[in-house]
Amino acid sequence: MSSAPAYNEEKGSSLGEPEYGHDPASGGIFSSDYKRHDDLKEMLDSNKDSLKLEAMKRIVAMIARGKNGSELFPAVVKNVACKNIEVKKLVYVYLVRYAEEQQDLALLSISTFQRGLKDPNQLIRASALRVLSSIRVPIIVPIMMLAIKEAASDMSPYVRKTAAHAIPKLYSLDQDQKDQLIEVIEKLLADKTTLVAGSVVMAFEEVCPERIDLIHKNYRKLCNLLIDVEEWGQVVIINMLTRYARTQFLNPNHNETLLEENADKAFYGSDEEDSKQEEVDPDVLPKPKPYVMDPDHRLLLRNTKPLLQSRNAAVVMAVAQLYFHLAPKAEVGVIAKALVRLLRSHSEVQFVVLQNVASMSIKRRGMFEPHLKSFYIRSTDPTQIKVLKLEVLTNLASETNISTILREFQTYIKSQDKDFVAATIQAIGRCATNIDEVRDTCLNGLVQLLSNRDELVVAESVVVIKKLLQMQPAQLSDIIRHMAKLIDNIMVPMARASILWLIGEYCEHVPKIAPDVLRKMASSFTSEEDIVKLQIINLAAKLYLTNSKQTKLLTQYVLNLAKYDQNYDIRDRARFIRQLIVPSEKSGLLNKHAKKLFLAQKPAPVLESSFKDRDHFQLGSLSHLLNSKASGYQELPDWPEAAPDPSVRNVEVPEWTKPSGREKRKEKVEKPFYSESEEETEPTESADSDSLGPSESGSMSESESASGGDEESNEEGKPKKKRAQKDKGNHKEESEESGQSEGEEKGKKHKAEASSSSSPPSSSESSSEDSSSESKSEDNSESDHGKKRKTKLTPPKSGALKEKEISLLDLDDFSEPSVVPTSPSPNTFSKSLNLDLQGLNLSNSALSEVSSPSMGSVKTYELLHRLTGEGLSVQYQFTRRPFSPDQAMVSIQMHFTNNSEMEIRHLHVNELKQQPGIRMHGFKKIDVLQPDGVASETMGIDFCDSTQAANFQLCSQIRQFYVSIQPPVGELMMPIFMAENSFKKEQEQLLNTSAGKLMGMNEINEKLTLAERCRSDQAIVQQVMSTANLGRVPCGQSNEYKFAGRTVSAGALVLVALVTKDRGAAQLTVNCEKMVIGTMMVKDIMEALTQ
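The structure reproduced in this document is the subject of the present report.

Conventions used here
Residues numbered from 1 in each chain as written. Predicted model: local features only at pLDDT ≥ 70, side-chain atom pairs only at ≥ 80, totals over all residues. Heavy atoms only, no water. Pairing = 2+ DSSP bridges. Helix = DSSP H or I, 4+ residues; strand = E, 2+ residues; numbered from the N terminus. Axes fitted to C-alpha atoms, helices over the stretch in contact; angles between N-to-C directions. Salt bridge = Lys/Arg side-chain N within 4 Å of Asp/Glu carboxyl O. Buried < 20%, exposed > 50% of the residue type's maximum accessible area, 1.4 Å probe, protein only. Phe/Tyr/Trp six-rings, centres within 6.5 Å; stacked < 30°, edge-to-face > 60°.

Taken in spatial order, the four strands of this open sheet run β8-β6-β10-β11, and their pairing is antiparallel. In the strand order of this sheet, the two ends are held by β8 (926-929) and β11 (960-965), each with one partner. Going across the sheet, the axis of each strand differs from the next one's by a mean of 30°, ignoring polarity. Relative to β11, strand β10 (residues 950-955) is paired through six bridges, and the arrangement is antiparallel. When the sheet's bridge partners are listed, Gln953 is paired in β11 with Tyr962.

As structure tokens, then:
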């Protein structure tokens, strides 16, 4: 925040002078400076936390409005040791703002800040580190370094993120700490949390951008995490990876095939280049080795492409520059549509985007040609936007669209914006220069503009005509005569100078007009601008050399006037020319060659874009915007001639570590991800190709989920064993789950593949079941698993029909993905039978989680409307029961109805690329759905404890429908039984010990007023349990309602407590290990109880 003085201080009010109390934080309407904050100081010195909290709220609000609160620093800093967490949070917010200004007072409390680094609350730990790093005193550098090292190993990703932010602050204070800071950066780069990734890459860019070796091992992880990093972090990571890729991969456009070059000619090549290419021997072209893109190069391009749809313009711009600098020519076109979308944003965003589009359109003209109309100028556009759009339109001009562009330019010339009109005339001149076919047309149009009433239009036209005439000498005489007549009317110095230069350069074509123009100019020489005077001297010299009889005296007169001019350039020019053209005894050999010097053939000027040389700066950077190297700019490296060793990016797994189920699954997925799919990728792959196929997208999502969710998956096995001992009410299911967790994790991937292909279980699956069953210690679980093994290992005796038939005795077989009733047509049956059999399950695991029947009604959601689905309508419900093939997935019942008159065949799911961590187990394929037929199937989705939508394709024999399922937060959990004492114990652990399961900002309290219909016991319980799939905890107090559950994916504990008071008032408390889920849960329950 700014450290500027307060508004009232700038007025210069003297001490003790009465003034109006414009600050609500002051005590009254009138106050004196020395009494202005007395009430706040008294409140801060109070023993009551409520008064301290109110005072801190007012102080922070005052600072947010730009008021100066620095004089309250002593009173605030005393409360840094307050036990109230809310007060402590606000104190740290204040200290972060003023610690740098009040360093001496802040140093007195440094021991308190150090204690804050050990606080159980993650926000307090992070705030203490932030305040410590804000004290810019070299003496505490060792303390800051120690604090950063400890914070880098903190359990909370928020604290680790703050440690990454503190690294550049410490580096700017003491650059001798660079080596130690690099060690911390290396450690944080290995962090697998998306919250930390962006911050640590920013610290890397500030401290050691040259240490590219630190990125090798983390390259693939950063690519996979990129989609889930916050927007600020995405921009930083993409820019860093752009520079990294330019040092590690080969140029994809270096060895282009003949086919690619011919395809790009119409877009990128000029006529001269085309003629040269035609002369090249075609046998020479195929000799270079065909380019094969590095799989890691392809990984970066593939993982950044979805970010082109980001709502943040900076992210889109970062991806666009990455594609422009790294992608093959055939794939760069994908960024055009995204950049055009940004042109609908604010004018500031448009300005930056158009600057970059102007640079891109010089080399990649073809990709913006389909969007030509998007660059047409609106009357409401600011001048700088209009000029940039003109630049882009001129760059995109070609033989095919020049007529359309010139018609647009004719309209623009009539604008009232004079600067814009001048830029338009210059654009017409550039079009005429670049396209020979329209040069005559443009020249005639510009000559017609010479009769315009607006002097600025005429002047700019003269300047452009002067340049065009050097390329079109055939029409010299007529146009020069016309322009000579305008010399008396045009007053713009540049235009007058251009006319005089043309007459002097081509004076032999107008021998009668040129001397008369010199006569007029000589009479007004003393009143002309310097640029015009110089051209008058040149005109006189050229006429003296070609027509000395008529102009000798005029030339001497002009040179004498110039000899005594105030400007020394004009005096020097006059002396130089006199010695050169007038023969005398002192003049040497140059006098003989004067005519050659003055009347030499001059090359035609080249009208080029001002953005032509900007591409050496990285697009999207401040240096590119300013066309000058800015402080801190990192040069974009050149492509290497030979590919560096790609093995440096391989992450080695130590032999002594036993990989978990998810890690094995990740290895299995990454093999085709980096070998088969990439070898098939051609360098000429189209940028606008369709989305990835089901197999490739599946491997993508699996690899991303394995890398993105490792932090939670590593801890997944241990809590399950602890919960089995702790939650005695459901010990059967928990004991079964604790022994079976490893086997299920290892076999999860194989089960999904086996069930989707309707093949019998593999040997690895049966072996994992055997090993898991042998580890059981209870008789009941052993007998249950014995039955399951018998059922699973029974081979199918007949064909596909036998596999689909199932009896009620087989309903506890969890190897099948869904429950299918017996029927002649196995997947179609009546609605009543469907509802009767929905969720029927005879296994123990399904009953042990739920302590009591759910009082909430199961809501039905529409997935596909019958009009959109061309007769097929699909609805779904969250069954609130465990999904048998995978306990970490949410069970979803799908209801299919065929409203058409034709059969629908082969209904199945085609999984698309998912967000990292999201997995899907599709329903069993429905072979035939008769007209007016109804079918129900169950599918499972692991939403990874988030409300992100799972996207997939619903496919029939002839159609594909893109659909998505987004779960309410209440459906992401399963109820658990818990005694009231256990409930209280979990909450007490949060407040009293730092070793509890719930740490940091995981308690949310809200006050609410219950609606009239929600004030009875039954109504409250029903509303809460319909909102969230929780189990009710028995309570001793009649006005207390408690509920408990665990999230389906990670098993995070969720505790909900509601205490009712008089007149419908109530207090809602939600405790959850995952802060986001807790926040959303509070919002949903409050809506259910208050509306």
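Read on, since the account is not over.
Further remarks concern the pattern of salt bridges. On inspection of all chains with the given rule, the structure shows 34 salt bridges. Across the salt bridge formed by Glu505 and Lys542, the nearest N and O atoms sit 3.1 Å from each other. One end of the pair, Glu505, is in helix α30 (residues 493-505); the other, Lys542, is in helix α32 (residues 530-546), with 37 residues separating them in the sequence. Neither residue differs from the other here; Glu505 and Lys542 are each classed as buried.

This paragraph deals with the packing of aromatic side chains. Working definition: an aromatic ring pair is given by the centre-to-centre distance plus the angle between the planes. Enumeration according to the criterion identifies 12 aromatic pairs in this entry. For the ring pair Phe73 and Tyr94, a centre distance of 6.0 Å and an interplane angle of 40° mean the geometry is tilted. In this pair, Phe73 is assigned in helix α4 (residues 73-77) and Tyr94 in helix α5 (residues 85-98), connecting sequence segments 21 residues apart. Each member of the pair, Phe73 as well as Tyr94, is classed as buried. Taking 5.1 Å as the distance between ring centres and 25° as the angle between the ring planes, the aromatic pair formed by Tyr219 and Tyr244 counts as stacked. Highlighted residues: Tyr219 in helix α14 (residues 219-225) and Tyr244 in helix α15 (residues 231-248), separated in sequence by 25 residues. An identical accessibility class is assigned to Tyr219 and Tyr244; each is buried.

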